[in-house]
Amino acid sequence: DVKVTQSSRYLVKRTGEKVFLECVQDMDHENMFWYRQDPGLGLRLIYFSYDVKMKEKGDIPEGYSVSREKKERFSLILESASTNQTSMYLCASRGLTSNDEQFFGPGTRLTVL
Amino acid sequence: AQSVTQLDSHVSVSEGTPVLLRCNYSSSYSPSLFWYVQHPNKGLQLLLKYTSAATLVKGINGFEAEFKKSETSFHLTKPSAHMSDAAEYFCVVSDAEDSNYQLIWGAGTKLIIKP
């Protein structure tokens, strides 16, 4: 059974804290993604990675960075959390062809106080 | 450039009646199209996908979607709604012209089922 796991389901942090969200996939996928999901806005792409140590900005990268040191692991970093980063964060992985679907983790609901 | 428009943010139907969730896309080449479902407080799950084989695609839970190139549409249907279908549905497009890495997501349609 294919799997994408995320390190936390719920997280509460304070403004200014550094936050790490981790994602691991076991499908040997090259491509991994971080999205945030907010009511009425659908999924918005923050960053994606197409290979180890490779990354590309998505639609809303400001305030975020990412790290991909190993193929199976993709981390999202909030250098200094702010209240407008309170959201649901979704990690996904995907194979190489345009026919491949994305597989999603369960999500991390982050609250920044 | 690719884009996806889900024409309704909310759709409300009575249990046992047909469901129609509308999706239009813009794509330069032959696209791959997907529908995902997200039940309340659950993760995103693939419902079905179109990948240039049959234009009528059957998915899980009795859903199906028809790819209509002339109308650039990929509407999701189900003959008879069930209470368990209440969820948010997302239409997604990917094509070979753009990066293989990205899919373009619609804003979502919330399906409400009335008893």
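Residues numbered from 1 in each chain as written. Chains lettered and ligands numbered in written order. Predicted model: local features only at pLDDT ≥ 70, side-chain atom pairs only at ≥ 80, totals over all residues. Heavy atoms only, no water.

**Quick look at the pattern of salt bridges**
Residues and elements named next belong to chain A.
So, step 1. Scanning the model with the defined rule gives 11 salt bridges over all chains in all.
So, step 2. Here Glu79 and Lys18 are joined by a salt bridge, their closest N and O atoms 3.5 Å apart. Linking Glu79 in the loop between strand S8 (73-78) and strand S9 (87-94) with Lys18 in the loop between strand S2 (10-13) and strand S3 (19-25), this pair joins segments that are 61 residues apart in sequence.
So, step 3. Overall, Glu79 belongs to the partly exposed group, its relative accessible area being 43%.
So, step 4. Overlapping salt bridges, with partners in common, bring together Asp28, Glu30 and Lys71 in one network. (Salt bridge = Lys/Arg side-chain N within 4 Å of Asp/Glu carboxyl O. Helix = DSSP H or I, 4+ residues; strand = E, 2+ residues; numbered from the N terminus. Buried < 20%, exposed > 50% of the residue type's maximum accessible area, 1.4 Å probe, protein only.)

**Remarks on the nonpolar core**
So, step 1. Within the largest apolar cluster, 26 residues are counted, with the highest numbers of intra-cluster contacts made by Trp35, Phe74, Leu76 and Tyr89 of chain B.
So, step 2. Contact partners of Phe74 of chain B, with chain neighbours within four places excluded, come to Cys23, Leu33, Phe34, Trp35, Leu48, Tyr50, Ala65, Glu66, Phe67 and Cys91 of chain B.
So, step 3. Within the second largest apolar cluster, 21 residues are counted, among which are Val4, Val66, Phe74 and Val112 of chain A. (Core = buried A, V, L, I, M, F, W, Y, C linked by side-chain atoms within 4.5 Å. Contact = heavy atoms within 4.5 Å.)

**A few points about unusual backbone geometry**
Residues and elements named next belong to chain B.
So, step 1. Located in the positive-phi region is Asn41, a residue other than glycine, with phi close to 60°.
So, step 2. Here Asn41 shows up in the loop between strand S5 (31-38) and strand S6 (44-50).
So, step 3. One non-glycine residue with positive phi stands out, namely Thr72, at about 45°.
So, step 4. Within the secondary structure, Thr72 is located in the loop between strand S8 (64-68) and strand S9 (73-78).

**Here's the deal with the interface of chain B and chain A**
So, step 1. Across the contact, 20 residues belong to chain B and 19 residues belong to chain A.
So, step 2. Between chain B and chain A, a total of about 1,800 Å² is buried, with carbon and sulfur atoms accounting for 51% of that surface.
So, step 3. For Lys49 of chain B, the salt bridge identified is with Glu101 of chain A, shortest N-O distance 2.8 Å.
So, step 4. Our count for the contact surface shared by chain B and chain A stands at 6 residue pairs in polar contact (both at pLDDT 80 or more).
So, step 5. Taken together, the elements giving at least two residues each to the side of chain B that touches chain A come down to S5, S6 and strand S10 (87-95) of chain B. (Buried area = accessible area lost by both parts, 1.4 Å probe. Polar contact = N/O pair within 3.5 Å; in protein donor to acceptor, adjacent residues only side chain to side chain.)

**Thoughts on the sheet that holds strand S1 (residues 4-6) of chain A**
All names here are of chain A.
So, step 1. Spatial strand order, S1-S3-S8-S7: 4 strands in an open sheet with antiparallel pairing. Whereas interior strands pair on both sides, the edge strands pair on one side only; in this sheet they are S1 and strand S7 (64-70). The sheet shows a mean angle of 20° between the axes of neighbouring strands, direction not considered.
So, step 2. Sheet topology places S1 next to S3; 3 bridges connect them, and they run antiparallel. (Pairing = 2+ DSSP bridges. Axes fitted to C-alpha atoms, helices over the stretch in contact; angles between N-to-C directions.)

**A word on the environment of Gly58 of chain A**
All names here are of chain A.
So, step 1. Here Gly58 is to be found in the loop between strand S6 (54-57) and S7.
So, step 2. Each C-alpha atom, one on Gly58 and one on Arg73, is 18 Å from the other, the two residues being 15 residues apart in sequence.
So, step 3. The residues contacting Gly58, other than those within four sequence positions of it, are Leu45, Ile46 and Tyr47.

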